[in-house]
Structure formats: C-alpha cells, structure tokens
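Overview (structure and organization)
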Amino acid sequence: MNEATSDSFQFGLKALLKKHPDLQSYASTAHQLTELIETYGEALQSRAKYQTDGGEHELILAHCESVCIELEEHLRSSLSNECLRDGG
C-alpha cells in the first residue's frame, strides 16, 4: 500500500474526490487503482501547465483535456465497480 502515497496519486485522488464528492465512499478502494489515479494526477498537472502557457499549445491542451476526461470517466466506473465487488 506504500505505492499509493506518491504525489501524483494524492493529487489525482484529491482532485477526483473534490470534483465528484459522491465518490468519497469509494476512496478506501482507491489503492487498487494506484497507477490509473497517478496517471490522472499527472494528466491534470500537464493540463494545468498548458493552460498557463497563454494559448501557445492549443492542440496539446486539447489532448490533455481529452485524456483527463477519459481517465476521470474510467476512474468513476472503476471505483464504483471495485466497491460493488467488495460488497460495499
């Protein structure tokens, strides 16, 4: 479970739970999705970086936004399914 303490994991999980408070009850199963949550956190950080570039990287920003949305949808589904499998 130590692997679930990376900065990207913490950032991604915190952002996901802030945006979707309804997932709070599933947070205890988040460690089962460490890599996906880390990737989501990294994608969010990349998106934020390109948002502050003043429009120089519009295509990259659009791609980051798309990746963030896809990861977020996958995480919502995965967290809900993990909770159902665990009986919670």
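See the structure printed just above.
The text that follows walks through the structure, step by step, so that each part is easy to find. (Residues numbered from 1 in each chain as written. Predicted model: local features only at pLDDT ≥ 70, side-chain atom pairs only at ≥ 80, totals over all residues. Heavy atoms only, no water.)

1. Regarding the nonpolar core
The nonpolar side chains of soluble globular proteins are, as a tendency, buried together. The biggest cluster of nonpolar side chains holds 16 residues, and the ones touching the most others in it are Leu-13, Leu-16, Ala-30, Ile-37, Tyr-40, Leu-75 and Leu-79. Listing elements by their share of this core, those giving two or more residues are helix 1 (7-19), helix 2 (34-51) and helix 3 (58-85). Here this core takes five residues from helix 2, the largest share from any one element. Sequence-distant contacts of Ile-37, defined by excluding residues within four places in its chain, comprise Ser-8, Phe-9, Gly-12, Leu-13, Ala-30 and Leu-75. (Core = buried A, V, L, I, M, F, W, Y, C linked by side-chain atoms within 4.5 Å. Buried < 20%, exposed > 50% of the residue type's maximum accessible area, 1.4 Å probe, protein only. Helix = DSSP H or I, 4+ residues; strand = E, 2+ residues; numbered from the N terminus. Contact = heavy atoms within 4.5 Å.)

2. Re the environment of Leu-75
If you trace the backbone, Leu-75 turns up in helix 3. For the pair Leu-75 and Ala-30, spaced 45 residues apart in the sequence, the C-alpha separation amounts to 9.1 Å. What Leu-75 contacts, discounting residues up to four positions off in sequence, is Leu-16, Leu-33, Leu-36, Ile-37 and Tyr-40.

3. Focus: the pattern of salt bridges
For side chains bearing opposite charge, pairing can occur when the charged atoms are close. Taken as a whole and assessed by the stated rule, the structure comprises three salt bridges. Between Lys-19 and Glu-72 there is a salt bridge, and its shortest N-O distance comes to 3.3 Å. Here Lys-19, found in helix 1, pairs with Glu-72, found in helix 3; they are 53 residues apart in sequence, far enough to count as distant. The partner of Arg-47 in a salt bridge is Glu-65, with the nearest N and O atoms 3.2 Å apart. With Arg-47 in helix 2 and Glu-65 in helix 3, the pair connects residues that are 18 residues apart, well separated along the chain. (Salt bridge = Lys/Arg side-chain N within 4 Å of Asp/Glu carboxyl O.)

4. Quick notes on the packing of helix 1 against helix 2
For the pair helix 1 and helix 2, interaxial distance at closest approach is 7 Å and the crossing angle is 80°. In this view, helix 1 runs roughly perpendicular relative to helix 2, as classed from their interaxial angle. Here Ser-8, Phe-9, Phe-11, Gly-12, Leu-13, Ala-15 and Leu-16 of helix 1 lie close against helix 2, whose contacting residues are Thr-34, Ile-37, Glu-38, Tyr-40, Gly-41, Glu-42, Leu-44 and Gln-45. In terms of residue class, the contact of helix 1 with helix 2 is built from eight nonpolar, five polar and two charged. (Axes fitted to C-alpha atoms, helices over the stretch in contact; angles between N-to-C directions. Parallel < 35°, antiparallel > 145°, perpendicular 65-115°, else oblique. Nonpolar A, V, L, I, M, F, W, Y, C, P; charged D, E, K, R; others polar.)

5. Overview of helix 1
Along its 13 residues, helix 1 runs 18 Å from first to last C-alpha, staying within 8% of the 18 Å computed at 1.5 Å per residue. Every buried residue of helix 1 is listed here: Ser-8, Phe-9, Gly-12, Leu-13, Leu-16 and Leu-17. End-on, the buried residues of helix 1 take up no more than an arc of 150°, which puts them together on one face. Exposed residues pointing more than 90 degrees away from the buried face of helix 1 are listed as Asp-7, Lys-14, Lys-18 and Lys-19. (Expected span 1.5 Å × (residues − 1). Arc of directions from axis to C-beta.)

6. Concerning the side chain of Glu-72
Accessibility expressed as a relative area gives 11% for Glu-72, which makes it buried. Discounting chain neighbours no more than four positions away, the residues touching Glu-72 are Leu-16, Lys-19, His-20 and Tyr-40.

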